[in-house]
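For reference, the chains in residue letters:
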Amino acid sequence: TAVMQLVERGQIKLDEKVTAYLPYFKLEDTRYRDITIRHMLTHTSGMPDEDDYEWDRPQLDAGALERYVRSVSNRELLWEPGQGTYAYSNIAFEILGDVIAKVSGVSFEQYMQEHILDVLGMERSTYTMPDADQGLLAAPHIMGMGSSFGAKVSRIYPYNRAHGPSSTLLTSAAESCSYAAAYLNGGKWGTAPVLQPSSIEELWQSHAPADDFGYYRNIGLGWFMGPYKGLEAKAHGGSDTGFRSNLVVLPEPGIAVTLMFNTDYLGLHQVNNAILDVL
């Protein structure tokens, strides 16, 4: 959503090389020079994924995101960028977050707060954990092992400014409904514009086969798409230590469901789809 806002303002071009915005972005694999913004948004860049988010040793300063982007220079691509092969990459989304910061001239978190969360009236939502109402934070639960088998509170909370773009939105089910409603309302929250309708159409264009699971069948610009009981669905889910979530939008009947678990080992989609069926 943020990238498309900047596209609308002429500050980002989807088919421009990432290096045009971040000259310090590089990989061991020289094919990185061909990666475009669109490739990263559609997870067809060939970028690998992250396997250590360092939740137990978070970086909290404003330079964390750029340092992370610089730190991936020893990585190799999985394949040629843009050949239509999909692989989800949180690394790519961290890099896109840094693009947002450099193009806008403010931190990634500040841009998201001012141009998306505040516009949508998501008053308690934030990308910056120290700014959150600590009394509203749900405790992350993981599966215990051995003598502590069963649910237990995770000793770490998944927060690290190096992974803000992929992972650190703190929000509630109620406030995330505002985000879904804006997409159902042609990009507006009330009279406040978040995106132009043409941008939503662009986001929801299929670019590659994805996971072939229900409405996660194809990937657009950051959105998954596919059929759900005769209707076209747009969705995105995810998980971090102690948490799972899913957001699915059915534009034709004007229905959206947002669901959040503060546990990472239970079947979220069964609950999500049961709610969809009721609606």
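Residues numbered from 1 in each chain as written. Predicted model: local features only at pLDDT ≥ 70, side-chain atom pairs only at ≥ 80, totals over all residues. Heavy atoms only, no water.

## With respect to the overall build of the protein
So the rule is basically this: Going along the chain from the N terminus, every DSSP run of H or I of four or more residues is numbered as a helix, and every run of E of two or more is numbered as a strand. When we talk radius of gyration, it's over C-alpha atoms, and the globule rule is simply 2.2 Å times the number of residues to the 0.38. Under the scheme applied here, a residue whose accessible area is under 20% of the maximum for its type counts as buried, over 50% as exposed, and between as partly exposed, the area being computed with a 1.4 Å probe on protein chains only. Here, Shrake-Rupley sampling with a 1.4 Å probe gives the accessible areas, and only protein chains in the shown set may cover a residue.
For the protein, the count of helices and strands is 9 helices and 10 strands. The globule rule puts the C-alpha radius of gyration for 279 residues at 19 Å, and the 18 Å found for the protein is close to it. C-alpha atoms of the protein, sized along the principal axes, occupy 45 × 45 × 35 Å. Sorting the 279 residues of the protein into buried and exposed places 49% on the buried side. When the accessible surface of the protein is summed, it comes to about 12,900 Å², and 50% of that surface belongs to carbon and sulfur atoms.

## Observations regarding the packing of aromatic side chains
Here is the rule we go by: Here is the rule: rings of Phe, Tyr and Trp (six-membered ring for Trp) pair when centre to centre is within 6.5 Å. Planes less than 30 degrees apart are stacked, more than 60 are edge-to-face, and the remainder are tilted.
In this structure the tally under the stated criterion is 15 aromatic pairs. Where Phe-25 meets Tyr-32, the ring centres are 5.6 Å apart and the plane angle is 80 degrees; that geometry is what we call edge-to-face. Classification of Phe-25 by relative accessible area gives buried; the value is 0%. Arranged with centres 4.8 Å apart and planes meeting at 55 degrees, the rings of Tyr-183 and Trp-223 form a pair that is tilted.

## Some words on empty space enclosed by the protein
Summary: where empty space remains is shown by rolling a probe the size of a single water molecule over the atoms. Heads up, the condition is: The distinction between a cavity and a pocket rests on a 1 Å grid over the protein atoms alone: a 1.4 Å probe fits inside a cavity but cannot get out, while a pocket stays open yet meets protein on both sides within 12 Å along at least five of seven lines, and a residue with an atom within 4 Å of a point counts as lining. Grid points are joined across faces, edges and corners, and a volume is the space filled by probe spheres set on the points. When residue character is reported, Ala, Val, Leu, Ile, Met, Phe, Trp, Tyr, Cys and Pro are called nonpolar, Asp, Glu, Lys and Arg charged, and the others, Gly included, polar.
Per the counting criterion, the structure on display carries 1 cavity of 30 Å³ or more. Estimated volume of the largest cavity: approximately 40 Å³. Lining of the largest cavity is provided by Thr-1, Leu-120, Tyr-179, Ala-182, Tyr-183, Gly-187, Val-194, Leu-195 and Ile-200. Ranked by residue count, the leading element in the lining of the largest cavity is helix α7 (residues 173–184), at 3 residues. Per-class residue counts for the lining of the largest cavity are 7 nonpolar, 2 polar and no charged.

## Considerations on the side chain of His-39
What counts, and what does not: Between two residues, a contact is recorded if the distance between any of their heavy atoms is within 4.5 Å.
Along the chain, His-39 turns up in helix α2 (residues 37–41). By relative accessible area, which is 16% here, His-39 ends up buried. In this view, His-39 contacts Asp-34, Thr-44, Ser-45, Pro-81 and Gly-82; residues no more than four positions away in its chain are not counted.

## Some points on the pattern of salt bridges
Basically, it comes down to this: In the sections that follow, a salt bridge refers to a side-chain nitrogen of Lys or Arg positioned within 4 Å of a carboxyl oxygen of Asp or Glu.
Scanning the entire structure with this criterion turns up 16 salt bridges. For the salt bridge of Glu-50 with Arg-75, the shortest nitrogen-to-oxygen distance reads 3.0 Å. You can see Glu-50 sitting in the loop between α2 and α3 (64–71) and its partner Arg-75 sitting in the loop between α3 and α4 (90–104), a full 25 residues away along the chain. In this structure Glu-50 comes out as buried when scored by relative accessible area, which is 9%. Glu-109 is the partner of Arg-161 in a salt bridge, and the nearest nitrogen-oxygen pair spans 2.8 Å. Of this pair, Arg-161 sits in the loop between β2 (150–153) and α6 (164–167) while Glu-109 is found in helix α5 (residues 108–117), placing the two residues 52 residues apart along the sequence. Given a relative accessible area of 14%, Arg-161 falls into the buried group.

## Description of the layout of surface pockets
Roughly 150 Å³ of volume is contained in the second largest pocket. Around the second largest pocket sit 13 residues that line it, and Ala-62, Leu-65, Ala-101, Ser-107 and Phe-108 are the ones nearest its centre. At the level of secondary structure, the elements contributing two or more residues to the lining of the second largest pocket comprise α3, α4 and α5. When its residues are assigned to classes, the lining of the second largest pocket shows 6 nonpolar, 1 polar and 6 charged.

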